[in-house]
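# Descriptive analysis of the structure
Here is what each chain is made of, one letter per residue.
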Amino acid sequence: RRSWAEPYKIKVVEPLKMTTRAEREQAIAEAGYNTFLLRSEDVYIDLLTDSGTSAMSDRQWAGMMVGDEAYAGSKNFYSLEEAIQKYYGYRYILPTHQGRGAENILSKILIKPGDYIPGNMYFTTTRLHQELAGGTFVDVIIDEAHDPRSQHPFKGNVDLQKLTDLIKRVGAERIPYISVAGTVNMAGGQPISMANLRAVYELAKSHDIRIILDATRAVENAYFIQQREADYHQQSIAIILKEFCSYTDGCTMSGKKDALVNIGGWLALNDPDIYEEARNMIVIYEGLHTYGGMAGRDMEAMAIGIEESVQDDHIRARIGQVEYLGQKLLDWNIPIVVPIGGHAIYLDAKAFLPHIPQDQFPAQLLAAELYREAGIRAMERGIVSAGRNKDTGDHYYPELELVRLTIPRRVYTQAHMDLTAEAVDEVYYNRHRLRGLKMVYEPKYLRFFQARFELL
Ligand SMILES: CC1=C(O)/C(=C\N=C(/C)C(=O)O)C(COP(=O)(O)O)=CN1
């Protein structure tokens, strides 16, 4: 089988500073063993996040030059609106500065105190905005999603029985919408199948409940549907994406992922009344309804990025690179979440460091160690990210204690992936020497972004 290669060539590069182990040991200690607090210039391979870290194409950069920076009615808004309507299929489009902007407005409009929002596993900012609006997130994802070794091809699926039980328990009128993500970030970038989403849609409609999609990585989800769902093997990514969105009433979107831009997002809706209210909220929190916290040039770059993101060759190469890294680690028996996800490889820190108890933050330690070893920046996706239960005040203790190696789009080469695999293997070989951390500073919200730790 011929090996694959990217459907693009490199035109611009960013030279990277190479660091020594001594420099990295000092940097990670100063950063309180929190990779979020490292300086980017001290990072060699930045796998912290795929959010806002993609490389734009020459056409997107060209689009930046035709930014219409009019305060109202920018022509770039209309090209963005057209791209979203064409590829995602929603009627009303509201630009926001990024995903959180859309989550904030949607939660404020749809959620009343005491409401319940069922969803396929939590996401940090999504759940926080739901809670800040007085809602309670209820996880209705299938059990397999919480098992890093389960090979279920669609771990993002909703457990229809869990959803039905919640509707019976609290009543449909206490459920403002079902929050469906595709793919599911915290489960390991795992997709929901078209069949399951269609079933959720039919169940929701039978109770007159809305579904709102978190479309942040819906193009990656479409790829897994094409690869793993028999009915879709011959369908293009663009066709699959549009059908996928048709089973939802709207979406929040972080354009910083699939849509290949460094900033941007949107709230899309089909209901004119909700749109009316959201359009009014946009001017309070994001700016005018025709720019939503973005410059005109950003909207143009995102409109072009949407078009590029749904090309079959692009998404095949993008996910192919993640699969390349994941398969190397699997071949070396290093514990990672399977099946390999769409945007990242997730190291299973519980299996990697069984001698470190969860309340000594094994994933946090493993991410810090990977940086120390090779200047690779990863992200903790375990007990620190899970935060505290708003009722009990105790940590959430998630089944999944993971370190996310998140692959930016069109940025790194296969050589960077090879080096990453070798560095992980090195840390794995010496894992028994590692010990836990204690948290010495804990912020009130989304603590993982700014918490500080010390070695025990
Ligand atoms: C599934 C999902 C996300 O992954 C997400 C942000 N994710 C980040 C920053 C990440 O590193 O995964 C957000 C928030 O988007 P924002 O980072 O505000 O543009 C919403 N949904």
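The structure reproduced in this document is the subject of the present report.

Let us now look at the packing of helix α6 (residues 160–170) against helix α7 (residues 194–206). Their axes nearest at 11 Å, the elements α6 and α7 cross at an angle of 15°. The angle between α6 and α7 falls in the class roughly parallel. Note that α6 runs across α7; the crossing there is right-handed. Side by side, α6 and α7 meet where Leu-160, Leu-163 and Thr-164 of the first sit next to Ala-199, Val-200 and Leu-203 of the second. In the contact of α6 with α7, the residues fall into five nonpolar, one polar and no charged.

Under the counting rule described, the total for this entry stands at eleven aromatic pairs. Judged by centre distance (5.9 Å) and plane angle (55°), the rings of Tyr-201 and Tyr-247 are tilted. Taken as a pair, Tyr-201 in helix α7 and Tyr-247 in the loop between α9 (237–246) and β7 (250–254) lie far apart in primary sequence, 46 residues in all. On the accessibility criterion, Tyr-247 (14% relative accessible area) is buried. An aromatic cluster is built from Phe-36, Phe-448 and Phe-449, whose rings are joined through pairwise contacts. Seen from the ring of Tyr-122, Arg-127 lies directly overhead, with NZ or CZ sitting 4.0 Å from the centre. Geometry around Phe-448 places Arg-381 over its ring, the cationic atom sitting 4.8 Å from the centre.

Let us look at the site of the ligand. The environment of the ligand is made up of 17 residues, and the closest members are Thr-49, Arg-100, Asp-214, Ser-254 and Arg-404. Within the side chain of Lys-257, a nitrogen or oxygen atom sits 3.1 Å from a nitrogen atom of the ligand. When each cavity is represented as a set of grid points, the ligand is found to reside in the second largest pocket. Of all the elements, helix α4 (residues 99–110) adds the most residues to the shell around the ligand, at three residues.

In this section: the pattern of salt bridges. This structure, assessed with the given rule, holds 28 salt bridges. Among the ionic pairs, Lys-112 bridges to Asp-115, the shortest N-O distance being 3.4 Å. A relative accessible area of 0% places Asp-115 in the buried class. The partner of Glu-276 in a salt bridge is Arg-279, and the shortest N-O contact between them spans 3.6 Å. Separated by three residues within a single helix, Glu-276 and Arg-279 lie in helix α10 (residues 272–285), roughly one turn from each other. A relative accessible area of 47% means that Glu-276 is categorised as partly exposed. Salt bridges linked by common partners bring Asp-50, Arg-217, Glu-220, Asp-258, Arg-318 and Arg-409 together as one network.

Before going further, it helps to examine unusual backbone geometry. With omega at 5°, the peptide bond leading from Gly-182 into Thr-183 counts as cis. The topology assignment puts Thr-183 in the loop between β5 (177–181) and α7. Here the amide bond leading from Val-338 into Pro-339 is cis, since omega sits at -10°, within 30 degrees of zero. Its place among the elements puts Pro-339 in the loop between α12 (312–331) and β9 (344–348). A positive phi is found at Asp-208, a non-glycine position, where the angle reads about 55°. You can see Asp-208 is positioned in the loop between α7 and β6 (210–214). Asp-208 gets classed as exposed once you look at its relative accessible area, which sits at 69%. Its identity as a non-glycine residue notwithstanding, Asn-333 has a phi of 60°, on the positive side.

What follows concerns empty space enclosed by the protein. With the rule as written, the count across this model stands at two cavities of 30 Å³ or more. For the largest cavity, the calculated volume is near 80 Å³. Forming the walls of the largest cavity are Glu-103, Leu-106, Ser-107, Thr-126, His-129, Gln-130, Tyr-177, Ser-179, Ile-212, Leu-213, Asp-214 and Thr-252. The set of elements that each furnish at least two residues to the lining of the largest cavity consists of α4, α5 (124–132), β5 and β6. Grouping the amino acids of the lining of the largest cavity by side-chain chemistry returns four nonpolar, six polar and two charged. Put simply, the second largest cavity is a space of about 70 Å³. Looking at the second largest cavity, the residues that line it are Glu-6, Tyr-8, His-314, Ala-317, Arg-318, Gln-321, Pro-408, Arg-409 and Arg-410. Residues that form the lining of the second largest cavity fall into these classes: three nonpolar, two polar and four charged.

Calculation notes
- Residues numbered from 1 in each chain as written.
- Predicted model: local features only at pLDDT ≥ 70, side-chain atom pairs only at ≥ 80, totals over all residues.
- Heavy atoms only, no water.
- Axes fitted to C-alpha atoms, helices over the stretch in contact; angles between N-to-C directions.
- Helix = DSSP H or I, 4+ residues; strand = E, 2+ residues; numbered from the N terminus.
- Parallel < 35°, antiparallel > 145°, perpendicular 65-115°, else oblique.
- Left-handed = near helix turned anticlockwise from the far one by under 90°.
- Contact = heavy atoms within 4.5 Å.
- Nonpolar A, V, L, I, M, F, W, Y, C, P; charged D, E, K, R; others polar.
- Phe/Tyr/Trp six-rings, centres within 6.5 Å; stacked < 30°, edge-to-face > 60°.
- Buried < 20%, exposed > 50% of the residue type's maximum accessible area, 1.4 Å probe, protein only.
- Lys NZ or Arg CZ within 6 Å of the ring centre and 35° of its normal.
- Near = heavy atom within 4 Å.
- Polar contact = N/O pair within 3.5 Å; in protein donor to acceptor, adjacent residues only side chain to side chain.
- 1 Å grid on protein atoms, 1.4 Å probe; cavity = no way out; pocket = protein on both sides within 12 Å on 5 of 7 lines; lining within 4 Å.
- Sits in = over half its atoms within 2 Å of the grid points.
- Salt bridge = Lys/Arg side-chain N within 4 Å of Asp/Glu carboxyl O.
- Points joined across faces, edges and corners; volume = space filled by probe spheres on them.

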